[in-house]
Amino acid sequence: MSSVFGKSRVGSGPQSAPLEVNLAILGRRGAGKSALTVKFLTRRFISEYDPNLEDTYSSEEIVDHQPVHLRVMDTADLDTPRNCERYLNWAHAFLVVYSVDSRQSFEGSSSYLELLALHAKETQRNYPALLLGNKLDMAQYRQVTEAEGAALAGRFGCLFFEVSACLDFEHVQHVFHEAVREARRELEKNSLARPLFISEERALPHQAALTARHGLASCTFNTLSTVSLKEMPTVAQAKLVTVKSSRAQSKRKAPTLTLLKGFKIF
Ligand SMILES: Nc1nc2c(ncn2[C@@H]2O[C@H](COP(=O)(O)OP(=O)(O)OP(=O)(O)O)[C@@H](O)[C@H]2O)c(=O)[nH]1
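Residues numbered from 1 in each chain as written. Predicted model: local features only at pLDDT ≥ 70, side-chain atom pairs only at ≥ 80, totals over all residues. Heavy atoms only, no water.

Colleague: What's the story with empty space enclosed by the protein in this structure? I'm lost.
Modeller: Where empty space is left can be seen by rolling a probe of water-molecule size over the atoms. By the definition in use, this model includes three cavities of 30 Å³ or more. If you add up the space inside the largest cavity, you get close to 60 Å³. Here the residues of the lining of the largest cavity sort into five nonpolar, two polar and three charged. (1 Å grid on protein atoms, 1.4 Å probe; cavity = no way out; pocket = protein on both sides within 12 Å on 5 of 7 lines; lining within 4 Å. Points joined across faces, edges and corners; volume = space filled by probe spheres on them. Nonpolar A, V, L, I, M, F, W, Y, C, P; charged D, E, K, R; others polar.)

Colleague: What is the right way to look at the site of the ligand in this model?
Modeller: Residues in close proximity to the ligand total 19 residues, the closest being Gly30, Lys33, Ala35, Asp137 and Ala165. Between Arg29 and the ligand, the recorded distance is 3.4 Å, taken from a side-chain N or O atom to an oxygen atom. For the ligand, an oxygen atom lies 3.2 Å from a polar atom in the backbone of Ala31. Considering every element that reaches the shell around the ligand, the biggest residue donor is helix 1 (residues 33–42), with three residues. Looking at side-chain class alone, the shell around the ligand contains nine nonpolar, five polar and five charged residues. (Near = heavy atom within 4 Å. Polar contact = N/O pair within 3.5 Å; in protein donor to acceptor, adjacent residues only side chain to side chain. Helix = DSSP H or I, 4+ residues; strand = E, 2+ residues; numbered from the N terminus.)

Colleague: Any chance you could explain helix 4 (residues 146–156) here in plain terms?
Modeller: An α-helical turn contains 3.6 residues, so a residue and the one three or four places further along point in the same direction. Taken together, the buried positions of helix 4 are Gly149, Leu152 and Ala153. Down the axis of helix 4, the smallest arc covering the buried residues is 95°, so these residues share one side. In helix 4, the exposed positions that point more than 90 degrees away from the buried face belong to Ala147, Ala151, Gly154 and Arg155. Buried residues along helix 4 sit in contact with strand 4 (93–99), helix 3 (103–123), strand 5 (129–134) and strand 6 (159–162). (Buried < 20%, exposed > 50% of the residue type's maximum accessible area, 1.4 Å probe, protein only. Arc of directions from axis to C-beta. Contact = heavy atoms within 4.5 Å.)

As structure tokens, then:
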């Protein structure tokens, strides 16, 4: 079965179209969402970035010998979740990122996990989430222990990894592929599509509590999976661009490629 934007296409046979998976990266500003996204897409570490841009990228992946058309939304909330339906109703799985050297970002990740739990409860669906403690290379400045990260993940029943956008690509790739596996399991379980473009907004009883605790004032929940066309993010074909410069080169001498909208990669 397929639907608009590939929301529900599930197939594993050699003849079937690639599985389509939408993945949203959530977390407080500065946690490293963009750096992880770009590392995954290009194997490179961001040097400069625009924190206000939110983009969705598309990448063809092979996960467990199966082709997957993966879309990654690198979200740009400010300090708290805002207008969450744009990703709540779009993503099949979520990566919630904090930085191990920032307690504030860890507390922010907890708000996102609560938001996802609430959304799952209201829609009576399971949305796989992975909790990522990023900037592992900064472990000497840790404000969050690995045990705290694991405990938070355990509380919300999600997988937990500590990663670094500036260390090895394989580890970052592994985490994204784990998210695909989680999404695939869930899609296979519910191979029925969630309806799209049927909108009914209503306030939720639990929302008031969450709003009060985390300032999620602008998050509304749509009961029937609503995404309007104008809200759909544009897809940048990230993998179509060839990167020829090397980060090993001197930053001053290296040509700057504006590869993905808003990111300068050396
Ligand atoms: N040392 C280190 N720095 C990182 C890592 N990941 C990201 N950074 C840096 O942390 C800063 C914030 O990274 P971003 O990827 O822009 O963070 P973000 O979560 O996308 O932040 P917003 O775009 O503001 O939402 C940048 O200066 C990155 O270069 C990492 O793994 N290690």
